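Here is how the chains run, residue by residue.
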Amino acid sequence: MGISIVVTSGKGGVGKTTTTANISTVLASMGKKVCMVDLDIGLRNLDAVLGLTNRIVYDIVDVAQERVVLSQALVRDPRFGDNLYLLAASQFSDKYVLDNDSVATIINYLKQRFDFVMIDCPAGIEYGFKNAVNSADAALVVTNPEIASVSDSDRVVGILESLDMPITPHLIINRIRKNMINEGTSMKIDDIVNHLGIPLIGIIVDEDEVISASNSGQTVVSDPNSDAGHGYSNIAHRMLGENIPLTLFEHPKKQGFIGRVFGRKK
């Protein structure tokens, strides 16, 4: 049985979809079987970021309404053999077409086939968000180093903690700007972590390569010179229990010890 992990934030535009795509591709490249589930009904961006739009025939709403079986709606990413699949969101349905039971049934079935089910959560903390988090064993909370984003993430963390997930929610701080850190004009990493009160699992710098990769249907982890790519890669390795240090600007060297940051609760 695999685990389901929701990538969430509360606020829109913080990088949930990019985070889902990059972490998933790293896990798949390491031999793990991964299925990405896009629950952003009505928008559907995960397929575009991965360059898989032309392969989509059916979506999660087709599955929930029993027009097709789940295997017909899964789209394989040929770049990762048989390790990476996508279940796309619907562009033409209302978010209320899915309910908690139908989503849970789909996620539980996928957990029987995959090591990781990565759920791309819609923005906000309402109906679509609840469907996503109620089906998750764990959560990656993505925030940006700005007050509005951290404030929204704080509300999300409170909701996640009330669900008593089997795995502690973990934090990803996205779009860190090196110059602002150096000048002292950005929120401090320690202040964000202390405010949200959940373990930090990774830091992603803000760089043009992330946008360039997404526009070309690639993930930035495929660029060996990308600091953001190294950050996403390190997160995936930490999720598997590898001992990689948490540093302000992440790099591929593996030294030091931080323990199993993504372990289950005792």
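Quick caveat, the model's predicted, so the values are computed rather than measured.

Tell me about helix H9 (residues 189-196), residues and numbers included.
Regarding H9, the residues found buried are Ile189, Ile192, Val193 and Leu196. Down the axis, H9 shows its buried residues gathered within 95° of arc, on one side only. Set apart from the buried face of H9 by more than 90 degrees, the exposed residues are Asp190 and Asn194. Tucked into the core, H9 has its buried residues touching strand E6 (138-143), helix H7 (147-163), strand E7 (170-176) and strand E8 (200-205). Positive phi appears at glycine 197, one or two residues downstream of H9, with a value of about 70°.

An account of unusual backbone geometry is requested, with residue identities and associated values reported.
Positioned with a positive phi, glutamate 66 is a non-glycine residue whose angle comes to about 60°. Positive phi, close to 55°, is recorded for aspartate 164, a residue that is not glycine. Relative to the elements of secondary structure, aspartate 164 occurs in the loop between H7 and E7. Residue class for aspartate 164 comes out exposed when judged on its relative accessible area of 56%.

Residue-level account of the packing of aromatic side chains, with values.
Here the structure, examined in full by the defined rule, presents 2 aromatic pairs. Ring centres 4.7 Å apart and planes at 50° place the aromatic pair tyrosine 96 and tyrosine 127 in the tilted group. Residue tyrosine 96 is found in the loop between strand E4 (84-87) and helix H5 (100-111), and its partner tyrosine 127 is found in helix H6 (residues 127-133); the two are separated by 31 residues along the sequence. With a relative accessible area of 26%, tyrosine 127 lands in the partly exposed category.

Which residues make up the state of the cysteines, and what are the values?
One pass over the structure, following the stated rule, counts 0 disulfides. Cysteine 35 takes part in no disulfide bond, and the closest cysteine sulfur to it belongs to cysteine 121, at a distance of 16 Å. A residue is classified by how much of its surface remains accessible, and cysteine 35, at 0% relative accessible area, is buried. Among the residues examined, cysteine 121 registers a relative accessible area of 2% and is labelled buried.

For the layout of surface pockets, give the residues involved together with the corresponding values.
Taken as a whole, the largest pocket encloses approximately 410 Å³ of empty space. Contributing elements (two or more residues each) for the lining of the largest pocket: helix H1 (16-29), E7, E8 and helix H10 (208-215). Residue composition of the lining of the largest pocket, by class: 11 nonpolar, 7 polar and 6 charged.

How would you explain the UniProt feature "binding site: ATP" (unreviewed entry) in the protein if you had to name every residue and give the values?
When the UniProt feature table is mapped onto this chain, "binding site: ATP" (unreviewed entry) is found at Lys11, Gly12, Gly13, Val14, Gly15, Lys16, Thr17 and Thr18. As for the lining of the largest pocket, the annotated residues named previously contribute Gly13, Val14, Gly15, Lys16, Thr17 and Thr18. Residue class for glycine 12 comes out partly exposed when judged on its relative accessible area of 37%. Within the fold, valine 14 resides in the loop between strand E1 (3-8) and H1. Residue valine 14 is classed as buried on the basis of its relative accessible area of 1%.

With reference to specific residues and values, describe the nonpolar core.
Counting residues in each nonpolar core, the largest one holds 47 residues, and the members touching the most others are Val6, Val37, Ile60, Leu87, Leu110 and Leu171. Top contributing element to this core by residue count: H7, with 5 residues. If near-sequence neighbours (up to four positions away) are discounted, isoleucine 60 is found in contact with Val37, Asp38, Leu39, Ile41, Leu87, Ala88, Ala89, Leu98 and Ile106. The next biggest cluster of nonpolar side chains, apart from the first, holds 39 residues, and it includes Val34, Leu86, Ile201 and Tyr232.

Please give an account of the pattern of salt bridges that cites residues and values.
Applying the stated rule across the entire model yields 6 salt bridges. In this structure, the salt-bridge partner of aspartate 82 is lysine 33, at a minimum N-O distance of 3.4 Å. Placement of the pair is aspartate 82 in the loop between strand E3 (75-76) and E4 and lysine 33 in the loop between H1 and strand E2 (34-38), with a sequence separation of 49 residues. Its relative accessible area of 25% is what places lysine 33 among the partly exposed residues.

The rules behind these values
- Residues numbered from 1 in each chain as written.
- Predicted model: local features only at pLDDT ≥ 70, side-chain atom pairs only at ≥ 80, totals over all residues.
- Heavy atoms only, no water.
- Buried < 20%, exposed > 50% of the residue type's maximum accessible area, 1.4 Å probe, protein only.
- Helix = DSSP H or I, 4+ residues; strand = E, 2+ residues; numbered from the N terminus.
- Arc of directions from axis to C-beta.
- Contact = heavy atoms within 4.5 Å.
- Phe/Tyr/Trp six-rings, centres within 6.5 Å; stacked < 30°, edge-to-face > 60°.
- Disulfide = S-S within 2.5 Å.
- 1 Å grid on protein atoms, 1.4 Å probe; cavity = no way out; pocket = protein on both sides within 12 Å on 5 of 7 lines; lining within 4 Å.
- Points joined across faces, edges and corners; volume = space filled by probe spheres on them.
- Nonpolar A, V, L, I, M, F, W, Y, C, P; charged D, E, K, R; others polar.
- UniProt positions renumbered as here; feature names shortened; annotations may be inferred.
- Core = buried A, V, L, I, M, F, W, Y, C linked by side-chain atoms within 4.5 Å.
- Salt bridge = Lys/Arg side-chain N within 4 Å of Asp/Glu carboxyl O.

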